[in-house]
Amino acid sequence: MINKDLEYDKIVKKILVFTVLTCTVLTATLIYFSNITSKKIMFELMEDSVRNDFQLYAEAVDGYLNTKINVLKNYAKSPIIKNENWEKIEPYLNDRIGLKTCEGLLKEECERYEVLFIVDQQGNMYSTDGKKDYVGDEKYFKLGMEGKETISNLFISKDNGALKAIITVPIENNEKKIVGLLGGVTNLETLNSMMSKYKINHKDAYTYIVDKNGFVVSHPNKEFIMKENITIISKNVSKSVAKSGIEILSKDNGIVQYSTNGISVSAYFYSIPNTDHWKIVIKVPKSYLYKPIKEKTNELLIIGVIGIMIIGVVSLIVGQLIATPMLKLKKDVEENKKLLKERIEYDKLKTEFFSNISHELKTPLNIIFATTQLLKLYTQDHKQNHNCEKVNKYMDVMKQNGNRLIRLIDNLIDITKIDTGFMNLNLQNRNIVEVVEDITLSTVEYVESKSKNIIFDTEIEEKVMAFDPDKIERIILNLISNAIKFTDEGDQIEVNIYDREEKILISVKDTGIGIPKDKQDLIFERFRQVDPILTRQAEGSGIGLSLVKSFVEMHEGNISLQSECNKGTEIIIELPVKIASEEYKEPKGNNILKKDNIEKIDIEFSDIYS
């Protein structure tokens, strides 16, 4: 063994010396090429960062323009506009222009349109400034009659030099047929102030917007607006700029390089969504971007060379001391990787086992329930049998325990679906108040049978939002079930709904035994129960509240707990108010749904014993 250890030490030393010499040469070579590569990567990262910023800028401009368009769209929905009677429409539009206060409105909405007009199907225009004209040949009229919104006819005001444009939206009657256009002359001067903020912090860097033909829409120099074209050589547009301008117009986004006034420039551009191929462009001197990168990479190169020399010397001195532990560490890492892989495979098998055993258990349960129903019918036809009452009692016990197994199996299946990513929401736009109230009221008879009271109250009568009714039902029934378990006779359960505009709060509160402070953090953890002593008369698997939390989080909501021993517990669910794209249709067969709801209550409350 000693000879083998000495031989091992010799081999380690030889390998170490050879490795140090080889690594020194290779490291020097790698540092040289990595310096070049790192510069390239840093340049690309810098460019990607600018591109990402520019995408946000483009979306901000789109949002600004959409705000203006949405104002017209809201006006166009007015019954006064749809009646196509100019004598009634004119005072309505003049009132929109003549708003003197911003109370209840965005500031921009008060001064957004200087002139409003409508155009009928024949192309006749009626304007709030008294003008009447034929615009049937205008491009915006043709596009508007095709159902498209337009921003067109940009011009510089002779009065104040502000950038202005005509915005139009189609007018639809109640049959969704286009009967004309609603348009307005609006001030786009805000674009210039936006462009002054959306730029690189350098004196020669600036941002501007061009339309699909290359004309400047927004620019720090107002003399360029609607006068300069980035594809046409002029006093301000060099041949190099014009060539790059053509490339900018031909692509949705990218970067072009050109020289202007002896300065090498990078121009990043990005298409603005929902516009007629407008593009936002930022001009940045290349030296500003690349100089700090070159300085940093050169510093790294110097540090790398010094590091090579230090590594070579130190490695020879302490190499033997660190070589053996490193080899052992590598072996340990490989073993840990193997153990990790085995653990992952084991967890996968465990998940598959839960799924398979759940389905296997559910099949014979269906047979048990079918047999229970047949026995029930039999005893009803033989009432003279003195054992009927006892048989019925046993059947109820069978059914309750069957429901307990169904509840456990359903919960296990749901856990499997959540863990494997197969649990999806069926979002529907419905009245959350009505759904929660119906669920609560369906439990009244059961709660009262336990000598307890349940009360439903709400701040609002209606709140239409997107949610999964089935998941909400599971949530509410589970919380009411827990409240029943941990309350005494005569205690009260309250289900309340609070409106917070952008959020809805659902509270389930009881006057029961409460939860100790040191156990409240465990309440939503999977397979955890607060205290076995408390659950002897109300059994449970310890996964119900974990599923409730998962269902709430799938709705992008939050769940919280407030409790005090011997005073009660309140669980609060916070759901965001959102609207789904598809409208909900009331299903037929209310009797079937009512029966199904009763069965769900029986299953959810199956682990509550008298």
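Residues numbered from 1 in each chain as written. Predicted model: local features only at pLDDT ≥ 70, side-chain atom pairs only at ≥ 80, totals over all residues. Heavy atoms only, no water.

Quick look at the overall build of the protein now. Check the secondary structure of the protein and you find 14 helices and 18 strands. Within the protein, the fraction of its 610 residues that count as buried is 40%. Contacts in the protein between residues far apart in sequence, at least 24 positions, make up 62% of those at least 6 positions apart. Surface accessibility of the protein: about 36500 Å² in total, with carbon and sulfur atoms responsible for 55%. (Helix = DSSP H or I, 4+ residues; strand = E, 2+ residues; numbered from the N terminus. Buried < 20%, exposed > 50% of the residue type's maximum accessible area, 1.4 Å probe, protein only. Contact = heavy atoms within 4.5 Å. Areas by Shrake-Rupley, 256 points an atom, 1.4 Å probe, with all protein chains shown as cover.)

Note that K471 resides in helix α12 (residues 469-485). Overall, K471 belongs to the buried group, its relative accessible area being 8%.

Residue position: V237 is located in the loop between β8 (216-218) and α7 (239-250). According to the relative accessible area criterion, V237 is buried, its value standing at 5%. Here the alpha-carbon distance between V237 and T260, two residues 23 residues apart in the chain, equals 8.4 Å. Not counting residues up to four positions away in its chain, the partners in contact with V237 are E228, N229, I230, I232 and A242.

Attention now moves to the packing of aromatic side chains. For the structure on display, the rule yields four aromatic pairs. When the centroid spacing of 6.4 Å and the interplanar angle of 85 degrees are considered together, the rings of Y75 and Y92 count as edge-to-face. You can see Y75 sitting in helix α1 (residues 2-76) and its partner Y92 sitting in helix α3 (residues 86-97), a full 17 residues away along the chain. Accessibility classification places Y75 together with Y92 in one group, the buried group. Aromatic side chains Y206 and Y208 sit 6.0 Å apart centroid to centroid with 45 degrees between the ring planes, which places their arrangement in the tilted category. The class for Y206 is partly exposed, based on a relative accessible area of 23%. Accessibility expressed as a relative area gives 7% for Y208, which makes it buried. (Phe/Tyr/Trp six-rings, centres within 6.5 Å; stacked < 30°, edge-to-face > 60°.)

It is worth spelling out the confidence of the model for the protein at this point. Confidence in the prediction for the protein averages 77 pLDDT; 68% of positions are at 70 or higher. Long-range and interchain partners of residues 532-537, a stretch whose pLDDT sits below 50, account for seven contacts in this model, where long-range means more than four residues apart. Long-range and interchain partners of residues 589-595, a stretch whose pLDDT sits below 50, account for one contact in this model, where long-range means more than four residues apart. (pLDDT = per-residue confidence, 0-100.)

Time to look at the packing of α12 against helix α13 (residues 544-554). Interaxial distance between α12 and α13 falls to 10 Å at its minimum, and their mutual angle equals 145 degrees. Both α12 and α13 take part in a crossing whose hand is left-handed. Seen from α12, the contacting residues are K471, R474, I475, N478, L479 and N482; seen from α13, they are G544, L545, L547, V548, F551 and V552. For the contact of α12 with α13, a count of residues per class yields seven nonpolar, three polar and two charged. (Axes fitted to C-alpha atoms, helices over the stretch in contact; angles between N-to-C directions. Left-handed = near helix turned anticlockwise from the far one by under 90°. Nonpolar A, V, L, I, M, F, W, Y, C, P; charged D, E, K, R; others polar.)

Turning our attention to the sheet that holds strand β13 (residues 453-458). Strand order in the open sheet formed by five strands is β13-β15-β16-β18-β17, and the pairing between neighbours is mixed. With one partner strand each, in any of the chains shown, β13 and β17 (558-564) form the two edges of the open sheet. Strand-to-strand twist in this sheet, taken as the mean axis angle between neighbours without regard to direction, amounts to 15 degrees. Pairing of β13 with strand β15 (residues 492-499) involves six bridges; the strand directions are parallel. Bridge pairing links I454 to I493 in β15. (Pairing = 2+ DSSP bridges.)

The next point concerns the pattern of salt bridges. Across all of its chains, the model carries twelve salt bridges by this definition. Put simply, K251 and E247 hold a salt bridge, and the shortest N to O gap is 3.1 Å. In this structure K251 comes out as partly exposed when scored by relative accessible area, which is 41%. Of the charged contacts, one joins K567 and E564 as a salt bridge, the two residues approaching to 3.4 Å between their closest N and O atoms. (Salt bridge = Lys/Arg side-chain N within 4 Å of Asp/Glu carboxyl O.)

Right, let's get into the pairing of strand β7 (residues 206-210). Most of β7 sits inside the fold, with four of its five residues counted as buried. As paired elements, β7 and strand β11 (residues 279-285) share five bridges and run antiparallel to each other. Within β11, the residue paired with T207 across the bridge is I282. Direction of pairing for β7 relative to β8: antiparallel, over a ladder of two bridges. The partner of V210 across the bridge, within β8, is V216. The antiparallel hairpin formed by β7 and β8 contains five residues in its connecting segment, where G214 sits at a positive phi of about 100 degrees.

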